2 protein chains.
Amino acid sequence: MYESISILKGNIVYSKSLNELEICEHGYLVCEAGKVKGVYRTLPFEYGGLPIEDYENRLIIPGLVDLHVHAPQYSYRGLGMDMELLEWLETNTFPEEAKFKDLEYAKRAHEIFVENLRKGATTRACIFATVHRKSTLLLMDMLEKAGLETMVGKVNMDRNCPDYIREASAEESASETIEWVKDVLYKKYRHTRPILTPRFIPSCTDELMEKLKMIQMRYELPLQSHLSENPGEIAWVKDLCPWSEFYGDAYDKFGLFGVDTSSIMAHCVYSGEEEIARMKENGVFIAHCPESNMNISSGVAPVRTFLDEGLHVGIGSDVAGGSTENIFTAMAHAIQASKLRWRLQDNSLKPLTVEEVFYMATKGGGAFFGKAGSFQPGYEVDAVILDDSRLRHPQSLGVKERLERMIYLSDDREIFAKYVSGNRLF
Amino acid sequence: MYESISILKGNIVYSKSLNELEICEHGYLVCEAGKVKGVYRTLPFEYGGLPIEDYENRLIIPGLVDLHVHAPQYSYRGLGMDMELLEWLETNTFPEEAKFKDLEYAKRAHEIFVENLRKGATTRACIFATVHRKSTLLLMDMLEKAGLETMVGKVNMDRNCPDYIREASAEESASETIEWVKDVLYKKYRHTRPILTPRFIPSCTDELMEKLKMIQMRYELPLQSHLSENPGEIAWVKDLCPWSEFYGDAYDKFGLFGVDTSSIMAHCVYSGEEEIARMKENGVFIAHCPESNMNISSGVAPVRTFLDEGLHVGIGSDVAGGSTENIFTAMAHAIQASKLRWRLQDNSLKPLTVEEVFYMATKGGGAFFGKAGSFQPGYEVDAVILDDSRLRHPQSLGVKERLERMIYLSDDREIFAKYVSGNRLF
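Residues numbered from 1 in each chain as written. Chains lettered and ligands numbered in written order. Predicted model: local features only at pLDDT ≥ 70, side-chain atom pairs only at ≥ 80, totals over all residues. Heavy atoms only, no water.

As recorded by an unreviewed UniProt entry, chain A carries the name Guanine deaminase and is attributed to Muricomes intestini. The UniProt entry for chain A carries this comment under Cofactor (unreviewed entry): "Zn(2+)". (UniProt positions renumbered as here; feature names shortened; annotations may be inferred.)

A.B. asks: Before we go on, may I ask you to explain the interface of chain A and chain B in this structure?
C.D. replies: Where interface size is quoted, it is often the accessible area lost as the parts come together. Facing the 56 residues of chain A at the interface are 56 residues of chain B. In this assembly, chain A packs against chain B so that about 4,600 Å² is buried in total across both faces, 52% of it on carbon and sulfur atoms. The closest approach of N and O atoms between B:Glu111 and A:Arg392, which form a salt bridge, is 3.1 Å. The tally of links between chain A and chain B comes to 32 residue pairs in polar contact (both at pLDDT 80 or more). Among the secondary structure elements, those contributing two or more residues to the side of chain A that touches chain B are helix H2 (103-119), helix H9 (290-295), helix H11 (327-344) and helix H13 (399-409) of chain A. Residue contributions to the side of chain A that touches chain B peak at 8 residues, all from H11(A). A class-by-class count of the residues in the side of chain A that touches chain B yields 20 nonpolar, 16 polar and 20 charged. (Contact = heavy atoms within 4.5 Å. Buried area = accessible area lost by both parts, 1.4 Å probe. Salt bridge = Lys/Arg side-chain N within 4 Å of Asp/Glu carboxyl O. Polar contact = N/O pair within 3.5 Å; in protein donor to acceptor, adjacent residues only side chain to side chain. Helix = DSSP H or I, 4+ residues; strand = E, 2+ residues; numbered from the N terminus. Nonpolar A, V, L, I, M, F, W, Y, C, P; charged D, E, K, R; others polar.)

A.B. asks: Explanation requested: the relation of the copies chain A and chain B in the structure shown.
C.D. replies: Two copies of a chain can be linked by a rotation about an axis combined with a shift along that same axis. Of the transformation superimposing chain A on chain B, the axial component is 0.0 Å and the angular component is 180°, with the fit at an RMSD of 0.0 Å. What the rotation and shift describe, once combined, is the action of a two-fold rotation axis. By C-alpha distance to the rotation axis, the residue of chain A lying nearest is A:Leu344, at 3.1 Å. The overlap is high: 100% of the interface residues of chain A also sit at the interface in chain B, so the same surface is used on both sides. (Least-squares fit on C-alpha atoms with pLDDT ≥ 70 in both.)

A.B. asks: I tried to follow the pairing of strand S16 (residues 415-420) of chain A on my own but got confused; where do I start?
C.D. replies: For a regular strand, the rule is simple: side chains alternate between the two faces of the sheet. Residue and element names in this part refer to chain A. Where burial is concerned, most of S16 is hidden: 5 out of the 6 residues are buried. Direction of pairing for strand S15 (residues 383-386) relative to S16: antiparallel, over a ladder of 4 bridges. The partner of Ala383 across the bridge, within S16, is Tyr419. Relative to strand S17 (residues 423-424), S16 runs antiparallel, the two being bridged by 2 bridges. Across the sheet, Tyr419 pairs through a bridge with Arg424, a residue of S17. Between S16 and the antiparallel strand that follows it, S17, lie 2 residues; Ser421 among them carries a positive phi value of about 45°. (Buried < 20%, exposed > 50% of the residue type's maximum accessible area, 1.4 Å probe, protein only. Pairing = 2+ DSSP bridges.)

A.B. asks: Just checking my understanding: could you explain the state of the cysteines for this structure?
C.D. replies: The term disulfide refers to a covalent linkage connecting the sulfur atoms of a pair of cysteines. In this structure the tally under the stated criterion is 0 disulfides over all chains. No disulfide involves A:Cys268; its sulfur sits 8.9 Å from the nearest other cysteine sulfur, which is in A:Cys289. For A:Cys268, a relative accessible area of 0% corresponds to the buried category. Between B:Cys31, a cysteine without a disulfide, and B:Cys24, which holds the nearest cysteine sulfur, the sulfur-to-sulfur distance is 13 Å. (Disulfide = S-S within 2.5 Å.)

A.B. asks: Hey, could you run me through the UniProt feature "domain: Amidohydrolase-related" (unreviewed entry) in chain A in this one?
C.D. replies: Following the UniProt record, the feature "domain: Amidohydrolase-related" (unreviewed entry) maps to residues 60-423 of chain A here. The straight-line gap between the two end C-alpha atoms of residues 60-423 of chain A is 15 Å; of that span, 43% is helix and 16% is strand.

Quick look at the structure:
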């Protein structure tokens, strides 16, 4: 009966809730069949004699969750940042994404993205691919092989983008999506799921959105998209959908905004009271992408308000609006952006804390996948072992301090071992 | 006659002015006696036959200049960021800095700082030590040995800080400073210079400032301090120095604000028109420290205004207000902070560009050291060779694009070789 049990030992840190960081120094994380049984300061008698993976003085944290990232944009991370969203899409994004029609190029590019995601602290991610069905499937094959838990979307866009990347009609976009979903089902992936991915309202006709709702219902798919990122974008949506009460309402009118469609909306920098209320009512997840919102001059989302309202909030790297897939760095950016928002925009909203960004990057975003992102009983065993010995210091540090340093200072060199859904990747 | 000539080959990038980035692909950097002779696309005939250090397709850039960093704070980089300046000083800074009275601790701590500075892209830095004369000297010994070009200051503070770190009187602070300067002169360092370092107005009595002016004149020392970082600090200075017209004027009244005292003022987040005009008139250097200004919620300095006015501006890591000594990262933060300032505070001030932050981090800050931070003829040969092959990409990239990626993505793994004042460090 103990065959499927594994035990990890080390300094265990995880979030129970937004403000409750649990720390168990030199503790035991007991796992059974890929799920957490419990975290113990002293190993319970019943597990005596079982082998223990002893990570000594290292940190053991839940795997990080990237709730919003564009795989094809990884090739131009850290490039071409001197513009705002709509110009940036035309200049950087569309020309690069168009290259992914070529499967050889897609393979070469996605291999880099997948390898770097695998090496880092991220165990789960919600990923935009491109409009191309075959290269989206190729990306999914690669992610499956890497052992990461992901949801991946073939992008839909049938308007307001250059011919070379636009799908010819709503009909074509929908039928390609169905073909892609069928291909995915045929593959019987264990770790990789399809997610509907209309790029955003400006690039999808009403007809396409209606068809996507049909596909969503038929295949019971979750959904990811963008919302209220930039003032110019929001004004454009108002023009395109004069019948909508606000940007999020445009998705909601199509039945693609939470409720029976588990949904992630990236950014929400300019979500007003009504939009926030609707997201709360519909159970929409927000992917907060602080670095992207800085890099393409979008602004800073009112995350404090989202948290006070009890909305679901996770963190997204949003590569290549963000320059890095490192979610620790995204946590630092989330704190930093919230401080500038407090100072420059609204000092009634207190800056985010270490506990809060760690929660969002683990349990907050993890909830989109079910029980993921914590070490409470029943959670999936996504665990990352951090070795911080490279980052030397002259004084002694407590476990929480060491975690805070990881947020500001760590990179892939600190990732010592990694488990996803109970499987050890390295 | 050619004995002292060395030639580096690679993709050479440097700033001629704020908006002129010079790129010489597969070019030759010819150096004589530690100074730049010229950058050439084709090697001039007269240098034919001399040995060439061929760095192939790598980038060759001027060494980066860190115009403001606190060596003793390196031990708590990335820690305790949830507070503003004055509370942060009391809680984090003073207790840690007090430990540097113990030379054993100072040695252990400074060794980490110096080694990491040596490994990175920084070739020159202006550094705060602590109030302790002997551990300041120890730090200078270590920096000299590392081969970096630095100015280092024993900190002065005789008021408004805990007893355990406060110097007993203006008299004691001044006499310790003189002893320290004498020790430094006796050492005959080649790369390490003393710089007067009153912490900031709140921690120095008028009497001490007057004495420091005498010391400054007697030994012809440059000066570094802090200015207009935080609203609470500025209000305090107004209380402490009711006779001053504005914060910077308090320094100026003591003769410690540019003119015949080459001076760096860190931060200048809230410098108004009068202060900016005075800095311009007096030739004061500004150390812009964007990450620190985010982390301790100070705000964002109006760097665009400084540049438009033609002020001297360099970049500072301000560890441990900033979490990292990596000046590439500081450049990214400078761009990001300027974008949020544009969006949230004042859209008349355009965000900073790649060219501008690169200029500030090289030639802009380098000017404090004389002819440093560029590859124009006569400049000191501070050169950093960057190998960006770890940061894979599927498409071909130009040299300027590769430089932009270094700003967002590089760490010490990209530093392939380094020269300071013509000497190769590694």
